[in-house]
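# Geometric and topological summary
Single-letter residue listing:
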Amino acid sequence: MKNKTAKFSIASLRFRIFAALIDGVILIILYFILSLITGVILRSLNNRVTSLGARFPQMLVMGVTVLYYTWLIGRYGQTPGKYALGIKVVRLNEDIPGYMIAFFRWLGYVLNGITCGAGYLVALFNSRRRGLHDYLAGTKVVSVAKASLWGQIIGILLTVIVILWFLLGLVLYIKGL
């Protein structure tokens, strides 16, 4: 086995979180547009909508999410959020993951969701900052370029918005609204 030195340094958790928030906003915008389009189509069908037709928007959202992560990570190793922050998903040998590995990484995101985010916490307790999805797919996230100033600003703003949204929800829950 050849002793190869790493070309890239491990990406910070802060940049990974910022990138995930940016990608989340992009996906929400895509979902909104798709919901409008499918809503118009389903309304035009009136009463001819079957139970499958009623579930179509949900299946479309799932399909878009799978394509977004599988295609972008598989082909480029980056989503727009990761690109803005100068980070990239690579295999352990630092090659681009490819579509199958990117799909398994997306399945890891699903498992993280099922476990209420516990799979993401794994990244806090290892030196390579690899989450459950990284272990499942055999990947790591590395820094490949200097993060853009706008990427960092957007990441910080989205983090503040998410925290405020959570606190608002908590207050409303406590007040019973």
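Now for a quick tour of the structure. Each chain has its residues counted from 1, following the order in which its sequence is written. Since the coordinates come from a predicted model, pLDDT governs what is reported: local features require at least 70, and pairs of side-chain atoms require 80 or more to be given and counted, while whole-chain, interface and lining totals use all residues. The basis for every side-chain value is the complete set of non-hydrogen atoms in the structure, without hydrogens or water.

A regular strand places its side chains so that they alternate between the two faces of the sheet. The cut-offs for exposure are 20% and 50% of the maximum accessible area for each residue type, with area from a 1.4 Å probe on protein chains only; residues under the lower value are buried, those over the upper are exposed, and the others partly exposed. A run of H or I in DSSP counts as a helix once it spans at least four residues, and a run of E counts as a strand once it spans at least two, with each numbered from the N terminus. The element strand E3 (residues 139-143) is largely enclosed, with a buried count of four among its five residues. Pairing between strands is defined by DSSP: at least two bridges between them are needed. As judged from the two bridges shared by strand E1 (residues 9-10) and E3, these two strands associate in the antiparallel manner. Bridge pairing in E3 places Ile-10 opposite Val-142. In terms of strand pairing, strand E2 (residues 87-91) meets E3 through five bridges, oriented antiparallel. Directly across from Arg-91, in E3, lies its bridge partner Thr-139.

Our next topic: the nonpolar core. For our purposes a nonpolar core is just a set of buried Ala, Val, Leu, Ile, Met, Phe, Trp, Tyr and Cys residues, chained together by side-chain atoms within 4.5 Å. By size, the foremost hydrophobic cluster in this structure holds 13 residues, and its most contacted members are Phe-15, Leu-85, Ile-87 and Val-141. Looking at this core, the elements with two or more residues in it are helix H1 (13-44) and E2. Per element, the largest residue contribution to this core is four residues, and it comes from H1. Those residues within four positions of Ile-87 in sequence are excluded, and the remaining contacts are Ala-11, Phe-15, Arg-16, Ala-19, Gln-78, Lys-82, Val-141, Val-142, Ser-143 and Val-144. One finds Leu-27, Tyr-31, Trp-106 and Tyr-109 within the second-largest nonpolar core, a separate group that totals 10 residues. Whether two residues touch is decided by their heavy atoms; if any such pair falls within 4.5 Å, the residues are in contact.

This next bit is on the pattern of salt bridges. Every case where a carboxyl oxygen of Asp or Glu lies within 4 Å of a side-chain nitrogen of Lys or Arg is listed as a salt bridge. Summed over all chains, the structure comprises three salt bridges. Measuring nitrogen to oxygen at the nearest pair gives 2.8 Å for the salt bridge that ties Arg-16 to Asp-134. Within this pair, whereas Arg-16 is found in helix H1, its partner Asp-134 is found in helix H6 (residues 132-137), the two being separated by 118 residues in sequence. The salt bridge partner of Glu-94 is Lys-140, with a shortest N-O separation of 3.1 Å. Here Glu-94, found in the loop between E2 and helix H4 (99-114), pairs with Lys-140, found in strand E3; they are 46 residues apart in sequence, far enough to count as distant. A residue is classified by how much of its surface remains accessible, and Lys-140, at 5% relative accessible area, is buried. Here the salt bridges share partners, and the residues they tie into one network are Arg-16, Arg-105 and Asp-134.

Purely spatial values, then, with no claim about function.
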